[in-house]
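Chain by chain, the residues run as shown.
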Amino acid sequence: MIELIVSDMDGTLLNDKMEVSASNVSAINEANRLGIKFMVATGRGYTEAVPALQEVGIDCPMITLNGGQVFDEDGKLDENLGIDKTTTRHILEDVKKYGLYCELMTSKGIFSDDKVRRIESMTSLLHETNPDTTFKMALVLAVARLEVMHVNYVENFKEVLEDNAQQVLKILVFSDVGQSELEPIRATLAEDSRVVVTSSFKNNIEINHVEAQKGIALAKFAKKRGIPLENVMAIGDNFNDVSMLKVAGASFAVANAEDGVKEFAKYLTSKNSENGVAEAIMRCINENL
């Protein structure tokens, strides 16, 4: 019997308006009523992820930054895994060399060195993940989303790297062209055993400490709570979700998931814009998966 349900956010739990639908909230509440815990596993940082959950009254444990940090139900930090500063500097040099845009997710929040490119990247991301949304509406949504996020804009990332009290937890690199333009950096980092490279959308790569993966974080969390992995259900849509889909006893991919991700899921559910999470949860409850 499932004791823990873990869901990705963007492209999975959140719909095309970047909200948790009433149907998804209802299914989560029903699972909680039956004693099944709910957890979020996201590439977002904590402060970036919390608002959408708080809006609908969801208080739950969270795996954030792909496993770079783990928080309990009360928002207390349980796990923290960062990338060393030397590796970060080398990655930033490559990003600059290829003319790409990146952001640093740190223990002190999100840092960007270009506000305009951040809005452009967010707009492209929202437009690509929600084809029914016009580019103009995606721009409106991007600006609105950025208004509720605590982003620190700096002239140069040097000041972040020189802050010894600050730890880099994830590096997010964007390309409007897509994965083909990101491949040189991905190929270089594939040779570095200290980091892992995944992707949450077609236009980005996400770089973390090698042990900062959703699957590893989920396994640690479940062990602490005394929950066997066969009693865990995971739902996702992209390649940064694969590690948790592989370890969970019941794994779902939403219909809008990347084809390569669907191969790792035991079951399929509807699109994120069609309450796929709610459908998966109720199927899990009704069919005792």
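Our structure's up above, just so we're on the same page.
Quick caveat: nothing in here was measured; it's all calculated off a predicted structure.

Definitions and cut-offs
Residues numbered from 1 in each chain as written. Predicted model: local features only at pLDDT ≥ 70, side-chain atom pairs only at ≥ 80, totals over all residues. Heavy atoms only, no water. Disulfide = S-S within 2.5 Å. Buried < 20%, exposed > 50% of the residue type's maximum accessible area, 1.4 Å probe, protein only. Pairing = 2+ DSSP bridges. Helix = DSSP H or I, 4+ residues; strand = E, 2+ residues; numbered from the N terminus. Axes fitted to C-alpha atoms, helices over the stretch in contact; angles between N-to-C directions. Contact = heavy atoms within 4.5 Å. 1 Å grid on protein atoms, 1.4 Å probe; cavity = no way out; pocket = protein on both sides within 12 Å on 5 of 7 lines; lining within 4 Å. Points joined across faces, edges and corners; volume = space filled by probe spheres on them. Nonpolar A, V, L, I, M, F, W, Y, C, P; charged D, E, K, R; others polar. Salt bridge = Lys/Arg side-chain N within 4 Å of Asp/Glu carboxyl O.

Student: Please provide a residue-by-residue account of the state of the cysteines, values included.
Tutor: Using the criterion set out here, one finds 0 disulfides in the structure. Of the cysteine sulfurs around C284, a residue in no disulfide, the closest is that of C60, at 16 Å. Judged by its relative accessible area of 4%, C284 is buried.

Student: Please give an account of the sheet that holds strand 10 (residues 195–198) that cites residues and values.
Tutor: Read from one edge to the other, the open sheet built from 6 strands follows the order 8-7-6-9-11-10, with strand pairing classed as mixed. In the strand order of this sheet, the two ends are held by strand 8 (151–153) and strand 10, each with one partner. Averaged over all pairs of adjacent strands, the angle between their axes in this sheet comes to 25°, without regard to strand direction. Inspection of the sheet shows strand 6 (residues 101–106) paired to strand 9 (residues 168–174) by 6 bridges, in the antiparallel sense. Looking across to strand 9, one finds that M105 is bridged to K170. Those strands touched by helix 8 (residues 179–189) are strand 9, strand 10 and strand 11 (204–209), and its axis lies near 20° from that of strand 11.

Student: Hey, could you go over empty space enclosed by the protein for me, with residue numbers and the actual values?
Tutor: Unoccupied space between atoms shows up once a probe the size of one water molecule is rolled over them. All told, the structure shown has 2 cavities of 30 Å³ or more when counted by the stated rule. Forming the walls of the largest cavity are 21 residues, and the residues nearest its centre are D10, R44, S200, F201 and E206. Listing elements by their share of the lining of the largest cavity, those giving two or more residues are strand 6, helix 5 (115–129), strand 9 and strand 11. Residues belonging to the lining of the largest cavity are distributed by class as follows: 6 nonpolar, 5 polar and 10 charged.

Student: Any details on the pattern of salt bridges? Residues and values, ideally.
Tutor: Under the criterion given, the structure shown has 15 salt bridges. Residue E183 is joined to R186 by a salt bridge in which the shortest nitrogen-to-oxygen separation is 4.0 Å. Placement of the pair is E183 and R186 together in helix 8, with a separation of 3 residues, close to one helical turn.

Student: Quick rundown of unusual backbone geometry? Include the residues and the values.
Tutor: Most peptide bonds take the trans configuration, and most residues that are not glycine carry a negative phi. Positive phi outside glycine occurs at L65, with the angle close to 50°. Here L65 lies in the loop between strand 3 (62–64) and strand 4 (69–71). According to the relative accessible area criterion, L65 is buried, its value standing at 2%. Positive phi, normally seen in glycine, also occurs at N66, with a value near 65°. For N66, the position within the fold is in the loop between strand 3 and strand 4.

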